[in-house]
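For reference, the chains in residue letters:
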Amino acid sequence: EALGPTITVGEILVEIMATTIGAGFLEPQSLTGPYPSGAPAIFIDQVARMGGAAGIIASVGNDDFGRLNVDRLRQDGVDISAIAISADWPTGSAFVRYRPDGARDFVFNIARSAAGQIGLTPAAKDLIGRAGHVHVMGTALSIPGAREVILHAIETVRARGGSVSFDPNLRKELLTDDGALESFNHVLGATDLLLPSDEELFTAAGLTDEAAAVASLLESGIGEIVLKRGEQGASFFGLDRPRIDCAAFAVAEVDPTGAGDCFGAAYLTCRRKGMAPDAALLHANAAGARNVTWLGPMEGVSTLAELTAFIAQAPRR
Ligand code: ATP
Ligand code: MG
């Protein structure tokens, strides 16, 4: 951590949730929100809450949706100096409704919101120049301006001796143009720590067998892979290191959105603070489990003390 803060780049959104389970938004219905959201924002908020130095390069509108996000990030200790406030574009949004089987329908407004205006501003360059680690959220690769910032940040931070982590959560709804896939492969080639969930592991490796996919990615130079398995917990894989499996904590799931982001932030922050992979994995599982017990994707972020207390008493699956 001595080298500088963990930074990320990408969409800050509000999330507005259907209060009932069902298919999509084709008729009037009751909604709840706005909640602070956006995968990169949830991630960086969780880093800061754990006491990690953290900053984000992003863009919001000059509106309440932007203000509620920026206020939360500032309050939780995130460096907000590189969040631009657009005079012309509204803050991005995501409407989400759960289906009976747990699948989600989304209506996103990201590329044509303030989030679509992310670019390499002087404040962004300054933050990148001070950073020690870049976390790349796959979702942000659907924003052309953010892609450019991400590739620049990776190059700059690696040249300073810093490292790169990657959550390849590029949803198919977000695959807007060819540049997204091209940059996906570029980022993968620079990744030290990969944080996929099941399907994403296969996409990243271009293989459909778990062991083969892990072996191929480790072979390609990725130092650590931590696989997220939802309520099945998570697994650690490293080159020439024993595999570690971690059972999930038994909790009552209220809202699973954001679990992966909190998990990744907790794992990375523990590792950057010098914790061994098994301890980092346990804290990450705790952060994911705690997050799903809150309604709202950023409402269940944890401090290190909260994680420690949770680990000491929570039952495992
Ligand atoms: P998202 O994209 O929705 O943020 P993800 O698909 O990236 O999530 P998940 O595997 O769903 O990631 O969740 C990340 C981690 O959070 C899991 O590996 C697990 O440790 C924890 N977790 C998630 N859901 C539950 C649950 N229902 N009970 C306990 N722990 C959970
Ligand atoms: Mg995910």
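The structure under discussion appears in the preceding block.
All values derive from a computational prediction rather than experimental measurement.

Cut-off values and rules
Residues numbered from 1 in each chain as written. Chains lettered and ligands numbered in written order. Predicted model: local features only at pLDDT ≥ 70, side-chain atom pairs only at ≥ 80, totals over all residues. Heavy atoms only, no water. Helix = DSSP H or I, 4+ residues; strand = E, 2+ residues; numbered from the N terminus. Polar contact = N/O pair within 3.5 Å; in protein donor to acceptor, adjacent residues only side chain to side chain. Axes fitted to C-alpha atoms, helices over the stretch in contact; angles between N-to-C directions. Parallel < 35°, antiparallel > 145°, perpendicular 65-115°, else oblique. Left-handed = near helix turned anticlockwise from the far one by under 90°. Contact = heavy atoms within 4.5 Å. Nonpolar A, V, L, I, M, F, W, Y, C, P; charged D, E, K, R; others polar. Phe/Tyr/Trp six-rings, centres within 6.5 Å; stacked < 30°, edge-to-face > 60°. Buried < 20%, exposed > 50% of the residue type's maximum accessible area, 1.4 Å probe, protein only. Salt bridge = Lys/Arg side-chain N within 4 Å of Asp/Glu carboxyl O. Disulfide = S-S within 2.5 Å. Pairing = 2+ DSSP bridges.

A few points about the side chain of Ser142
Then comes step 1: By secondary structure assignment, the location of Ser142 is in the loop between strand S8 (133-137) and helix H4 (144-159).
Then comes step 2: Here Thr139 takes part through its backbone oxygen, which lies 2.8 Å from a polar atom of the side chain of Ser142.

A short note on the packing of helix H1 (residues 39-49) against helix H8 (residues 259-272)
Then comes step 1: Look at H1 against H8: their axes get within 8 Å of each other, and the N-to-C directions meet at 40°. Classified by the angle between their axes, H1 and H8 sit oblique to one another. Remark: the crossing between H1 and H8 carries right-handed chirality. Along its contact with H1, which presents Ala39, Ile42, Phe43, Gln46 and Val47, the element H8 presents Asp261, Cys262, Gly264, Ala265, Ala266, Leu268 and Thr269.
Then comes step 2: Residue composition of the contact of H1 with H8, grouped by class: 8 nonpolar, 3 polar and 1 charged.

Structural notes on the packing of helix H6 (residues 198-205) against helix H7 (residues 210-219)
Then comes step 1: Running from amino to carboxyl end, H6 crosses H7 at an angle of 55°, the nearest separation of the two axes being 9 Å. Judged by the angle between their axes, H6 and H7 are oblique. Relative to H7, H6 is oriented so that their crossing is left-handed. Judged by residue contacts, Leu201, Phe202, Ala204 and Ala205 of H6 engage Glu210, Ala213, Val214 and Leu217 from H7.
Then comes step 2: Looking at side-chain class alone, the contact of H6 with H7 contains 7 nonpolar, no polar and 1 charged residues.

Overview of the packing of aromatic side chains
Then comes step 1: Summed over the entire model, instances satisfying the criterion amount to 4 aromatic pairs.
Then comes step 2: Seen in terms of ring centroids, Phe25 and Phe95 are 6.2 Å apart; in terms of plane orientation they differ by 85°. Their pairing is edge-to-face. With a gap of 70 residues between them, Phe25 in the loop between strand S2 (13-18) and strand S3 (31-37) and Phe95 in strand S6 (residues 92-98) connect regions that are remote in the sequence.
Then comes step 3: Residue Phe95 is classed as partly exposed on the basis of its relative accessible area, which comes to 26%.
Then comes step 4: Geometrically, the ring pair formed by Phe106 and Phe108 is stacked, given 4.8 Å between the ring centres and 10° between the ring planes.
Then comes step 5: Here Phe106 falls in the buried class, since its relative accessible area comes to 17%.
Then comes step 6: For Phe108, a relative accessible area of 26% translates into the label partly exposed.

Thoughts on the environment of Thr6
Then comes step 1: Along the polypeptide, Thr6 turns up in strand S1 (residues 6-9).
Then comes step 2: Overall, Thr6 belongs to the buried group, its relative accessible area being 2%.
Then comes step 3: Sequence separation between Thr6 and Asp101 is 95 residues, and the spatial gap between their C-alpha atoms is 36 Å.
Then comes step 4: Residue contacts for Thr6: discarding those within four places in its chain leaves Phe43, Ile44, Val47, Ala53, Ala54, Gly55, His133, Leu268 and Arg272.

Re the pattern of salt bridges
Then comes step 1: In the structure shown here, the tally under the stated rule is 15 salt bridges.
Then comes step 2: Arg97 is the partner of Glu27 in a salt bridge, and the nearest nitrogen-oxygen pair spans 3.6 Å. With Glu27 in the loop between S2 and S3 and Arg97 in strand S6, this residue pair connects regions lying 70 residues apart in the sequence.
Then comes step 3: Given a relative accessible area of 7%, Arg97 falls into the buried group.

Side note on the state of the cysteines
Then comes step 1: Using the criterion set out here, one finds 0 disulfides in the structure.
Then comes step 2: Free of any disulfide, Cys246 has its nearest neighbouring cysteine sulfur in Cys270, separated by 12 Å.
Then comes step 3: Cys262 forms no disulfide, and the closest cysteine sulfur to it belongs to Cys270, at a distance of 13 Å.
Then comes step 4: Residue Cys262 is classed as buried on the basis of its relative accessible area, which comes to 0%.

As for the sheet that holds S2
Then comes step 1: A sheet is described by the order of its strands in space; here 4 strands give the open sequence S3-S2-S6-S7, paired in mixed fashion. Each edge of the open sheet carries a strand with a single partner, namely S3 and strand S7 (104-109). Going from strand to strand, the sheet's axes swing by 20° on average, the running direction of each strand aside.
Then comes step 2: Pairing between S6 and S7: 6 bridges, direction antiparallel. Note on S7: the bridge partner recorded for Phe95 is Val107.
Then comes step 3: Across the sheet, helix H2 (residues 64-75) touches S2 and S3, and the angle it forms with S3 is around 50°.

Coordinates in, geometry out; function isn't part of it.
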